[in-house]
Amino acid sequence: MKNTVSTFKEQKVKGDKITMLTAYDYSTAKLMDQSGINGILVGDSLGMVMLGYENTLPVTMEDMIHHTRAVTRGAKDALVVGDMPFMSYQVSVEEAMYNAGRLMKEGRCQAVKLEGGASVCPQIKAITAASIPVMAHIGLTPQSVNVFGGFKVQGKSEEGAKKLIEEAKAVEEAGAFAIVLECVPAKLAEIISESINIPTIGIGAGSGCDGQILVYQDMLGMVSDFTPKFVKQFAKVGDVMKEAFAAYIEETKQGSFPAPEHTFKISEDVINKLY
Ligand code: KIV
Ligand code: NA
């Protein structure tokens, strides 16, 4: 069954947790879709995990469209959300609408996501009015890393907590169909989830959210440089990959790969005629 913005809303009402992961390519999206994931975010985190940048700021509309197209080809039932990259929606409402439209038309996703609270409400309103569902994203918004002075938990002070509650209400009012809460204290995320009617999707925001999302390389244990506190490694895929790469190198060097069963045959008659 196709997941939609309506089924997301129904899941919140029923208390059925919404499951999301990031993906950036066809084969991974297909595996997640076959596993029954509700939604896939083509995150601008692809700048870091796929392209090797140190943050998400260099990611372009072209990067996002390229990867979103690949994911939508692999996702049959999952709701695919395309992430709006840095400076694709901040300059003006018109640019935001134009770029959201490109992501949906060229990337073929069913919704877009953008970071921010009150400051991006005019964009959320206009994009939604153009029939493009918008997922909001508040708390630690990585495109603002230079303003935050690093990747830090948000909303710990009374002032910060109140501001996040207000921002959640503001983006709901502006028309967002869901909100990502990133690196927010668990109790505050629970309060926010209870005070709005649209689903909250948490990452580093505890189990009181209406759904969860993780970056897939993090949850598969594919990255060894840095693992944030909120990540659980559900497998050690990085180790499995390295073992397989090492075995291939070893067997190729000693000549045991390729074996006869991996090899195409030709008749002796043909071979004899070659001499
Ligand atoms: O880009 C991304 O992967 C994200 C999620 C972590 C929410 O924005
Ligand atoms: Na993102």
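Residues numbered from 1 in each chain as written. Chains lettered and ligands numbered in written order. Predicted model: local features only at pLDDT ≥ 70, side-chain atom pairs only at ≥ 80, totals over all residues. Heavy atoms only, no water.

A.B. asks: Even after reading the chapter, I still don't get the coordination of the sodium ion (ligand 2), so can you show me in this structure?
C.D. replies: Ideal coordination angles are 109.5 degrees for a metal with four donors arranged tetrahedrally and 90 or 180 degrees for a metal with six donors arranged octahedrally. Coordination of the sodium ion (ligand 2) by the protein comes from Asp44 (OD) and Asp83 (OD), over a distance range of 2.3 Å. Taken together, the residues span a long stretch of sequence, with aspartate 44 in the loop between strand E2 (39–42) and helix H3 (46–49) and aspartate 83 in strand E3 (residues 79–83) at a distance of 39 residues. With respect to class, aspartate 44 is no different from aspartate 83; both count as buried. (Donors = N, O, S within 2.8 Å, 3.2 Å for Na, K, Ca; no water. Helix = DSSP H or I, 4+ residues; strand = E, 2+ residues; numbered from the N terminus. Buried < 20%, exposed > 50% of the residue type's maximum accessible area, 1.4 Å probe, protein only.)

A.B. asks: Explain the site of ligand 1 to me, please; I cannot follow it from the model alone.
C.D. replies: As a matter of local geometry, ligand 1 sits amid Thr22, Leu41, Gly43, Asp44, Ser45, Asp83, Lys113, His137, Val180, Ile203 and Val215. Residue aspartate 83 places a side-chain N or O atom 3.2 Å away from an oxygen atom belonging to ligand 1. One of the side-chain N or O atoms of lysine 113 is found 3.1 Å from an oxygen atom in ligand 1. Here ligand 1, which alone exposes 260 Å², has 95% of that area covered by the protein. The class makeup of the residues in the shell around ligand 1 is 4 nonpolar, 4 polar and 3 charged. (Near = heavy atom within 4 Å. Polar contact = N/O pair within 3.5 Å; in protein donor to acceptor, adjacent residues only side chain to side chain. Areas by Shrake-Rupley, 256 points an atom, 1.4 Å probe, with all protein chains shown as cover. Nonpolar A, V, L, I, M, F, W, Y, C, P; charged D, E, K, R; others polar.)

A.B. asks: How should the pairing of strand E6 (residues 178–182) be read in this particular structure?
C.D. replies: Along any regular strand, the residues point their side chains to alternate faces of the sheet. The buried fraction of E6 amounts to 5 of the 5 residues, a majority that puts the element mostly inside the structure. Where strand E5 (residues 134–139) lies against E6, 5 bridges are found, and the strand directions are parallel. Counterpart to methionine 135 in the pairing with E6 is alanine 178. Summarising the sheet, E6 and strand E7 (residues 200–203) pair through 4 bridges and their orientation is parallel. Pairing of isoleucine 179 across the sheet is with threonine 200, part of E7. As for the winding sense of the linkage, the β-α-β connection from E6 through helix H9 (residues 186–195) to E7 is right-handed. (Pairing = 2+ DSSP bridges. Right-handed = clockwise from strand over helix to strand, strands pointing away.)

A.B. asks: How do you make sense of the sheet that holds strand E4 (residues 111–113) when you look at a structure like this?
C.D. replies: As a general point, the strands of a sheet are linked pairwise by backbone hydrogen bonds and lie either parallel or antiparallel. Ordered by their spatial adjacency, 8 strands build a closed barrel running E1-E2-E3-E4-E5-E6-E7-E8, and the pairing between neighbours is parallel. Strand-to-strand twist across the sheet, computed as the mean angle between neighbouring axes with direction ignored, equals 25 degrees. Sheet strands in contact with helix H1 (residues 5–14) are strand E1 (18–22), E2, E3 and E5, and its direction is about 130 degrees off that of E1. (Axes fitted to C-alpha atoms, helices over the stretch in contact; angles between N-to-C directions. Contact = heavy atoms within 4.5 Å.)

A.B. asks: What is the right way to read the domain arrangement of the chain from this model?
C.D. replies: Interfaces are often sized by the amount of accessible area the parts lose when they come together. As far as domains go, the chain holds domain 1 (5–235) and domain 2 (240–272). For domain 1 versus domain 2, the separation of C-alpha centres amounts to 44 Å. (Domains from an automatic or database assignment.)

A.B. asks: Got a minute to help me understand the confidence of the model for the chain in this structure?
C.D. replies: As a general rule, the predicted coordinates of low-pLDDT regions are not to be interpreted in detail. Taken residue by residue, the chain gives an average pLDDT of 97. The fraction at 70 or more is 100%. E1 holds the highest mean pLDDT among the elements of the chain, 99, whereas helix H7 (residues 145–148) holds the lowest, 92. (pLDDT = per-residue confidence, 0-100.)

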